[in-house]
Amino acid sequence: MSLKSFLGLDILEQEYAYATNPITGYTNAGKIPDKWVKTTCGYCSVGCGMHIGVKDGKAVSVRGDEDHKANFGKLCPKGLSEHYTLDSKDRLKYPLLRKRGKLVRVSWQEALETMTTKFREVQERYGPQSLGVISTGQLLTEEFYTLGKLIQLGFGTKNYCGNTTLCMATAVAGYKRSFGSDGPPGAYEDLEKADVVILIGANIADNHPMLFQRLEENRSKSLIVVDPRVSKTAMMADLHLPIKPRSDLALINGMAHILINAGLINNEYIEQHTTGFANFREFIAKYTPEYVSEITGLDEELIWKTALAYGHAESAFIGWTMGVNHSTKGTETVNAIANLTLLTGKIGRAGSSPFSITGQCNAMGTRETGFTSGIPGYRKFESAKDREEIAALWGIDAERIPTSRGLAYPDIIEATVKGSIHALWVIGTNPIVSYPNVDVLKQGLKDLDFFVVQDGFHPTPTTELADLVLPAAIWGEKEGTYTNSERRVSKANTAVEPPGEAKPDFHIFLETAKVLGCSDELFPGWTQPRDAFEDWKRISAGRLCDYSGMTYELIEEHGGLQWPFPAGCTDMSTKRLYEDGVFPTDDGRAKIICSDWEPFPEQPDHEFPFVLNTGRTVEHWHTRTKTANVPILEHLSPRAWLEINARDAKRLGLRPHHKVDLISRRGRVRHLDLRITETVAPYLVFMPFHFAEWNVNTVTQSAFDPISREPNYKQCAVRIERSGE
Ligand code: SF4
């Protein structure tokens, strides 16, 4: 402490002095930057445009970009404080290699040579598919495109997937089955134009705040929220349907039943643009309001009201997030949602769309360019035509393109447990906190020959287990593009240099390719993300996700550009898919698909009488590697909690702020702060999933959607006990 402080004379003038600036107004002088760098938020898929304020080479502030078409200048608390993530104490600065049990600093050369040598040794010993790779939804599109080629063609393993399988694989699989291709059909503008907005399992007030603000701009809408919990979004609804957990598929089928029987369907649209209606009509007959009421616990009147509101509306929007996706019936529920839009012709026009609200900032980018569950450009592994086309574009032999996808994320983990995956590279994700029934994952990682984690932060619960940790640049330190939920491509720019020797993932991939000896073949002349972008434009030309008319400059000039944006395109207005009713299926028609409801896999019983629901809170992002390092967010939400209904609490003799343990057949989460509330129904409990210290995935189960392989995080049977002191 200085003498001035000791004497109480230090008024911390330097820290707290204010000044006036034409852009920031009257504000803390330390936050007035020398320059503003235009970029895009690196958290969620709303994809807000923003500026990073830079002073003396450091990011000191953030403000919204008024010209960006996703958010028009507004930002949520995470976006507004995002610059604090850049110089947080947990940033990883140097490559770390485990030697004699300890992670020690090594050079990039040693790190990449060790990684490629170890991976090659494993592949030589156990076969090429013994290497697994799990990436993320948070890299830039240029990085996903580069990584996909490196893994599939350079390393020659198809066992490559992303943590996007933990959130959006269900929407992808659902779109592919119903419409023939991935790609959310609608646009944010639809939220503002729809007469009726139905949100199913989507708490956008917490999780996509700027989207919620856009919805609030629509003063004449009716908002219907389907959620077992009275979420913040449900509190704003005109009609809240507090359904029993995971009965959404029955409700949607029940709505289809009413629409058909009330004559509120569009026969012309069904006839011209769909297949499967005759079968569906027969199948849906059993989903009477009475039957659906039994399953969902909703009054028949409420089911009628919802169906009629949707059927009578001139325009209606159905959005969903994890309440639908995190389920063993998720893909089929997406198909049921698609059915409603096809039966009524409420797709491909203003205000009318089925719409998956994506989670991560660039989950869409990996879906478009990644080489995981499909070939870049929404091409299919199973299609010889697609394989030949991409091989010709890349100038390689078509035999090198796999004829089927490799293992999905949960199956890669299972393969590590069973011993068929021997080396694993995890990029930009923290599975020790985010993977369900986490003990299975821990067991798999223990037996690996070599485990690499590439991340911007260390220690995380996952980097601590790695044999090699590669330091990556994060948002604000690298350049490229993100695609948001409405297919809008926005530019992210470098505002500050990465710390220490951390590098953009793009450069880590290029340098790995050099060490591997495949750089000249796969990435000829590439030095910058723009090189990957230009190549991707060529690969995407003529596809649904056509980027060929975009340039970095046009994207920035117009506040993001939605695809499809073919060469020569000058139309900057809102774009929707399937406006002409032609779908990318073999016959050009969308499919109406029959999907039967069934109960969720782990039902409550005498020993575990509660159903656990998991979710997010507005302050935090995923596993908190970033937001735990942002003081204002961490102070607002420093620890996990458990929500329980007042009647259950009384029965168990529990009071607010009692410490409780949450127990399932798989494990126990200790010392949770108890919140007693009417926002959860009796015998339901809710817990946020962000906290490594109170890891909800200690208790969640290994149950996965058989089609998308997405985990059923949302419902498992638990009991509650008062914690021991
Ligand atoms: S809504 Fe999402 S994209 Fe927008 S500022 Fe918040 S976290 Fe970032």
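One can find the structure itself at the top, above this paragraph.
Cut-offs applied
Residues numbered from 1 in each chain as written. Predicted model: local features only at pLDDT ≥ 70, side-chain atom pairs only at ≥ 80, totals over all residues. Heavy atoms only, no water. Helix = DSSP H or I, 4+ residues; strand = E, 2+ residues; numbered from the N terminus. Buried < 20%, exposed > 50% of the residue type's maximum accessible area, 1.4 Å probe, protein only. Contact = heavy atoms within 4.5 Å. Areas by Shrake-Rupley, 256 points an atom, 1.4 Å probe, with all protein chains shown as cover. Lys, Arg positive; Asp, Glu negative; His and termini not counted. Charge placed at Lys NZ, Arg CZ, Asp CG, Glu CD. Pairing = 2+ DSSP bridges. Axes fitted to C-alpha atoms, helices over the stretch in contact; angles between N-to-C directions. Arc of directions from axis to C-beta. 1 Å grid on protein atoms, 1.4 Å probe; cavity = no way out; pocket = protein on both sides within 12 Å on 5 of 7 lines; lining within 4 Å. Points joined across faces, edges and corners; volume = space filled by probe spheres on them. Nonpolar A, V, L, I, M, F, W, Y, C, P; charged D, E, K, R; others polar. Near = heavy atom within 4 Å. Salt bridge = Lys/Arg side-chain N within 4 Å of Asp/Glu carboxyl O. Phe/Tyr/Trp six-rings, centres within 6.5 Å; stacked < 30°, edge-to-face > 60°. Lys NZ or Arg CZ within 6 Å of the ring centre and 35° of its normal. Expected span 1.5 Å × (residues − 1).

Colleague: Outline the overall build of the protein chain, supporting the account with residue identities and numerical values.
Modeller: Looking only at helices and strands, one finds 28 helices and 28 strands in the protein chain. Across its three principal directions, the C-alpha atoms of the protein chain cover 75 × 70 × 60 Å. Taken across its 725 residues, the protein chain has 64% of its residues classed as buried. Restricting the contact set of the protein chain to residue pairs at least 6 apart, pairs at least 24 apart contribute 72%. Carbon together with sulfur atoms contributes 50% to the accessible area of the protein chain, which is approximately 26600 Å² in total. Charged side chains in the protein chain number 81 positive and 91 negative. The centres of these two groups are separated by 3 Å.

Colleague: Run through the sheet that holds strand β5 (residues 58-64), naming residues and quoting values.
Modeller: Pairing between the strands of a sheet is mediated by backbone hydrogen bonds and can be parallel or antiparallel. Pairing is antiparallel across the open sheet formed by three strands, whose spatial order is β3-β4-β5. Each edge of the open sheet is held by one strand with a lone partner, namely β3 (35-40) and β5. On average, adjacent strands in this sheet sit at an angle of 30 degrees to one another, irrespective of strand direction. Both β3 and strand β4 (residues 49-55) contribute to a ladder of six bridges, which runs antiparallel. Paired with lysine 38 across the bridge in β4 is histidine 51.

Colleague: Please give an account of helix α19 (residues 384-394) that cites residues and values.
Modeller: Within an α-helix, residues lying three or four positions from one another point in the same direction, as the helix has 3.6 residues per turn. Where α19 is concerned, the buried positions are Asp386, Arg387, Ile390, Ala391 and Trp394. The arc that holds the buried residues of α19, viewed along the axis, is 125 degrees, so those residues lie on one side. Exposed residues pointing more than 90 degrees away from the buried face of α19 are listed as Lys385, Glu388 and Ala392. Next to the buried residues of α19 lie α5 (141-155) and α25 (529-540).

Colleague: An account of the layout of surface pockets is needed here, citing residue identities and associated values.
Modeller: As a volume, the largest pocket reaches approximately 650 Å³. Every residue lining the largest pocket is counted, 33 residues in all, and those nearest its centre are Val172, Lys176, Ser373, Gly374 and Arg405. Residue assignment for the lining of the largest pocket shows that the elements contributing at least two residues are β9 (160-162), α6 (169-179) and α18 (363-369). Per-element accounting of the lining of the largest pocket gives the leading share, five residues, to α6. For the second largest pocket, the calculated volume is near 430 Å³. In terms of lining, the second largest pocket is formed by 18 residues, of which the most central are Arg543, Leu544, Tyr578, Val582 and Pro584. Grouping the amino acids of the lining of the second largest pocket by side-chain chemistry returns seven nonpolar, four polar and seven charged.

Colleague: Describe the site of the ligand, with residues and values.
Modeller: Neighbouring the ligand are Cys41, Tyr43, Cys44, Val46, Gly47, Cys48, Leu75, Cys76, Gly79, Pro209 and Met210. A class-by-class count of the residues in the shell around the ligand yields nine nonpolar, two polar and no charged.

Colleague: Residues and numbers for the pattern of salt bridges, please.
Modeller: In the structure shown here, the tally under the stated rule is 47 salt bridges. For the salt bridge of arginine 91 with glutamate 477, the shortest nitrogen-to-oxygen distance reads 2.7 Å. Of this pair, arginine 91 sits in the loop between α3 (77-80) and β6 (96-99) while glutamate 477 sits in the loop between β18 (468-471) and β19 (480-483), placing them 386 residues apart in sequence. Across the pair aspartate 535 and lysine 149 runs a salt bridge, and its minimum N-O distance is 3.9 Å. With aspartate 535 in helix α25 and lysine 149 in helix α5, this pair connects stretches of sequence that are 386 residues apart. We note that aspartate 535, like lysine 149, is buried. Members of the salt-bridge network, linked through shared partners, are Glu607, Asp661, Arg668, Arg670, Arg719 and Glu721.

Colleague: An account of the pairing of strand β2 (residues 25-28) is needed here, citing residue identities and associated values.
Modeller: In summary, the side chains of a regular strand alternate between the two faces of the sheet. As defined by bridge partners, strand β1 (residues 18-21) adjoins β2 across four bridges and the pair is classed as antiparallel. For alanine 19, the partnering residue across the bridge sits in β2 and is threonine 27. In sequence, β1 turns back onto β2 through a hairpin of three residues.

Colleague: Tell me what's going on with the packing of aromatic side chains, and back it up with residues and numbers.
Modeller: Overall, the coordinates contain 31 aromatic pairs when judged by the stated rule. Taken together, a centroid distance of 5.6 Å and an interplanar angle of 50 degrees make the contact between phenylalanine 371 and tryptophan 394 tilted. Of this pair, phenylalanine 371 sits in the loop between α18 and α19 while tryptophan 394 sits in helix α19, and the two are 23 residues apart along the sequence. Just as phenylalanine 371 is buried, tryptophan 394 falls in that class too. Both rings, one in phenylalanine 691 and one in tryptophan 694, keep their centres 6.0 Å apart while their planes meet at 75 degrees; by these two values the pair is edge-to-face. For tryptophan 694, a relative accessible area of 14% corresponds to the buried category. An aromatic cluster of three or more residues is present, and its members are Tyr145, Phe371, Phe381, Trp394, Phe523, Trp526, Phe533, Trp536, Tyr547 and Tyr552. Sitting over the ring of phenylalanine 457, arginine 91 keeps its end group 5.5 Å from the ring centre. When the ring centre of tyrosine 43 is taken as reference, the NZ or CZ atom of lysine 626 above it lies at 5.3 Å.

Colleague: Report on empty space enclosed by the protein, specifying residues and quantitative values.
Modeller: In the structure shown here, the tally under the stated rule is six cavities of 30 Å³ or more. Residue lining of the largest cavity: 39 residues in total, with Gln138, Asn163, Gln360, Gly428 and His622 positioned closest to the centre. A class-by-class count of the residues in the lining of the largest cavity yields 16 nonpolar, 18 polar and five charged. Empty space within the second largest cavity amounts to approximately 370 Å³.

Colleague: Account for the sheet that holds strand β7 (residues 102-105), naming residues and giving values.
Modeller: As summarised here, the arrangement of the seven strands in space is β7-β6-β18-β17-β16-β8-β9, forming an open sheet in which the pairing is mixed. Unpaired on one side and paired on the other, β7 and β9 mark the two borders of the sheet. Taking the axes of each pair of neighbouring strands and ignoring which way they run, one obtains an average angle of 20 degrees across the sheet.

Colleague: Give me the pairing of strand β14 (residues 316-320): which residues, what numbers.
Modeller: Summarising burial for β14: five of the five residues are buried, a large majority. Burial along β14 is two-sided: Ala316, Ile318 and Trp320 and Phe317 and Gly319, pointing in opposite directions, are all buried. As defined by bridge partners, strand β10 (residues 196-200) adjoins β14 across five bridges and the pair is classed as parallel. Its bridge partner being in β14, isoleucine 200 is matched across the sheet by tryptophan 320. Sheet topology places β14 next to strand β15 (residues 353-356); four bridges connect them, and they run parallel. Note on β15: the bridge partner recorded for isoleucine 318 is proline 354.

Colleague: Account for helix α4 (residues 108-126), with residues named and values stated.
Modeller: For α4, built from 19 residues, the straight-helix expectation of 27 Å at 1.5 Å per residue is met to within 8% by its first-to-last C-alpha distance of 27 Å. Those residues of α4 lying buried are Trp108, Ala111, Leu112, Thr114, Met115, Thr116, Phe119, Val122 and Gln123. Glycine 127 lies just past α4 and shows a positive phi near 100 degrees.

Colleague: Let's hear about the environment of histidine 51: which residues, and what values?
Modeller: Take histidine 51: it is sitting in strand β4. The sequence separation of histidine 51 and isoleucine 243 amounts to 192 residues, and the corresponding C-alpha distance is 41 Å.

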